[in-house]
Protein chains: 2
Amino acid sequence: MLNYSEIDSILRALVEPTRRQILERLSRGPATVSQLAEPFGMTFAAVLQHLQVLEACGLIRSEKIGRVRTCRIEPGGLAPLADWIAERRIPAERQLDRLGQILADTDQSPPKVQDQEKDEQT
Amino acid sequence: MLNYSEIDSILRALVEPTRRQILERLSRGPATVSQLAEPFGMTFAAVLQHLQVLEACGLIRSEKIGRVRTCRIEPGGLAPLADWIAERRIPAERQLDRLGQILADTDQSPPKVQDQEKDEQT
DNA sequence: GCAATACTCAAGTCAATGCTTAACTATTCC
DNA sequence: GGAATAGTTAAGCATTGACTTGAGTATTGC
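Here goes a summary of the coordinates provided.

Reading the values: the criteria
- Residues numbered from 1 in each chain as written.
- Chains lettered and ligands numbered in written order.
- Predicted model: local features only at pLDDT ≥ 70, side-chain atom pairs only at ≥ 80, totals over all residues.
- Heavy atoms only, no water.
- Near = heavy atom within 4 Å.
- Polar contact = N/O pair within 3.5 Å; in protein donor to acceptor, adjacent residues only side chain to side chain.
- Helix = DSSP H or I, 4+ residues; strand = E, 2+ residues; numbered from the N terminus.
- Nonpolar A, V, L, I, M, F, W, Y, C, P; charged D, E, K, R; others polar.
- Salt bridge = Lys/Arg side-chain N within 4 Å of Asp/Glu carboxyl O.
- Buried < 20%, exposed > 50% of the residue type's maximum accessible area, 1.4 Å probe, protein only.
- Pairing = 2+ DSSP bridges.
- Contact = heavy atoms within 4.5 Å.
- Axes fitted to C-alpha atoms, helices over the stretch in contact; angles between N-to-C directions.
- Parallel < 35°, antiparallel > 145°, perpendicular 65-115°, else oblique.

With that settled, the discussion passes to the protein's contact with DNA strand C. Near DNA strand C there are 23 residues, and of these His 50 of chain A together with Ser 34, Leu 48, Arg 67 and Arg 69 of chain B occur at the shortest range. Sugar and phosphate atoms form 67% of the subset of DNA strand C atoms that lie within 4 Å of the protein. Between His 50 of chain A and DNA strand C, the recorded distance is 2.2 Å, taken from a side-chain N or O atom to a phosphate oxygen. At the level of elements, α2 (17-27) and α4 (44-56) of chain A together with α3 (33-37), α4 (44-56) and β3 (68-73) of chain B are the ones that each hand at least two residues to the surface near DNA strand C. Its residues placed into classes, the surface near DNA strand C shows eight nonpolar, eight polar and seven charged.

Moving on, we come to the protein's contact with DNA strand D. The full set close to DNA strand D counts 23 residues, and Ser 34, Arg 67 and Arg 69 of chain A together with Arg 19 and His 50 of chain B are the nearest of them. Within 4 Å of the protein, the atoms of DNA strand D are drawn from sugar and phosphate moieties in a proportion of 68%. Val 33 of chain A is positioned such that a nitrogen or oxygen atom in its backbone is 3.4 Å from a phosphate oxygen of DNA strand D. Take Arg 69 of chain A: an N or O atom from its side chain is 2.5 Å from a phosphate oxygen of DNA strand D.

Residue and element names in this part refer to chain A. According to the stated counting rule, one finds twelve salt bridges over all chains in the structure shown. Taking the shortest distance from any N to any O, the salt bridge between Glu 74 and Arg 61 comes out at 2.9 Å. Taken as a pair, Glu 74 in the loop between β3 (68-73) and α5 (79-105) and Arg 61 in strand β2 (residues 60-65) lie far apart in primary sequence, 13 residues in all. Of the residues examined, Glu 74 reaches a relative accessible area of 27% and is grouped as partly exposed.

A separate point is the sheet that holds β3 of chain A. Two strands in a sheet stick together by hydrogen bonds in their backbones, pointing the same way (parallel) or opposite ways (antiparallel). All names here are of chain A. Read across the sheet, three strands follow the order β1-β3-β2 without closing on themselves; strand pairing throughout is antiparallel. Edge strands, defined here as strands with exactly one partner in the open sheet, are β1 (31-32) and β2. For β1 and β3, the ladder comprises two bridges, and the chain directions are antiparallel. Note on β3: the bridge partner recorded for Ala 31 is Cys 71. Running over the sheet, α2 touches β1, β2 and β3 and is turned about 90° from β3. Where α4 meets the sheet, it contacts β2 and β3, and its direction lies at approximately 120° from that of β2.

All names here are of chain B. Here three strands make up an open sheet; going across it, the order is β1-β3-β2 and the pairing antiparallel. Only two strands of the sheet have a single partner each, and these edge strands are β1 (31-32) and β2 (60-65). Bridging between β2 and β3 involves six bridges; their strand directions are antiparallel. Its bridge partner lying in β3, Ile 65 is registered against Val 68. Packed onto the sheet, helix α2 (residues 17-27) meets β1, β2 and β3 and runs at close to 90° relative to β3. In the packing of α4 onto the sheet, the strands contacted are β2 and β3, and the crossing angle to β2 comes to about 120°.

As a further point, take the packing of α2 of chain B against α4 of chain B. Residue and element names in this part refer to chain B. One way to put it is that α2 packs onto α4 with a least axis distance of 10 Å and a crossing angle of 75°. Classified by the interaxial angle, the pair formed by α2 and α4 is roughly perpendicular. Where α2 approaches α4, its residues Thr 18, Arg 19, Ile 22 and Leu 23 are matched on the opposing element by Val 47, His 50, Leu 51, Val 53 and Leu 54. Among the residues forming the contact of α2 with α4, the class breakdown is six nonpolar, two polar and one charged.

A few words now on the side chain of Asp 8 of chain A. Along the chain, the position of Asp 8 of chain A falls in helix α1 (residues 4-14). Within the structure, Asp 8 of chain A has its side chain in polar contact with the side chain of Arg 12 of chain A (distance 2.4 Å). There is a polar contact of 2.7 Å between the side chain of Asp 8 of chain A and the side chain of Arg 20 of chain B. Here Asp 8 of chain A is in contact with Val 15, Pro 17 and Arg 20 of chain B, once residues within four sequence places are set aside.

See below:
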């Protein structure tokens, strides 16, 4: 419940395709708000709202000089999500080995699963 | 643009806190639908819908034996998202090194240096 | 066979969120 | 100074998605 909020805000930011495209665009170099708004067929205000979401969760950073706001990727921004995934992949992988014994021990739990566990990895 | 849909479905699944909790629960061992529904203060049907979302994007797997459906983690399920993050972290980190020079070159104005990274394709 | 159990499906409700429009502020150029 | 530029904010609409209710199906136990 405590550190969920950081993961939560990052996931909420990334789940929107437009925001992922903005990230891709910024990965190739910093850009102003109007430069970002142009290729996406949407208004200034909409892009601005996306940028605010991205900045609020630490995925980008922006700086206003004069009347121009320049946005760029925040390098460590994806680290919390990467960590979260890493933490959950190890137990899940370990789970695979234990599965047979867990199911063999408890008899009131899922009844007798055939352990043909053909792991198809990606 | 094409393989976005897999990432998209995984992110949409993970963005819902309840579904992340279901994943946590399943990380500690397989469970039936009713076992999953009990701790969360919600109906059977709601949990079932979450499970369908999780299964549709490959994060869990389920199997029905008799009248009982048993769910478990799909070990490689988070791999596509982990790969997606890894692909985007490397360019972002490389960005960091250039940042200083970019800002040093341009005195105050928005940088216009997006043209030296044309060959970076992910 | 019949009742209880475990799950499934189909609407329907409600809140959250993306996007628009429109008015507004701050900065630059003439 | 005044117009054009670049961005900001607020309000409102429309879609999406989570959750509920209620009815329905298949399996198990007696």
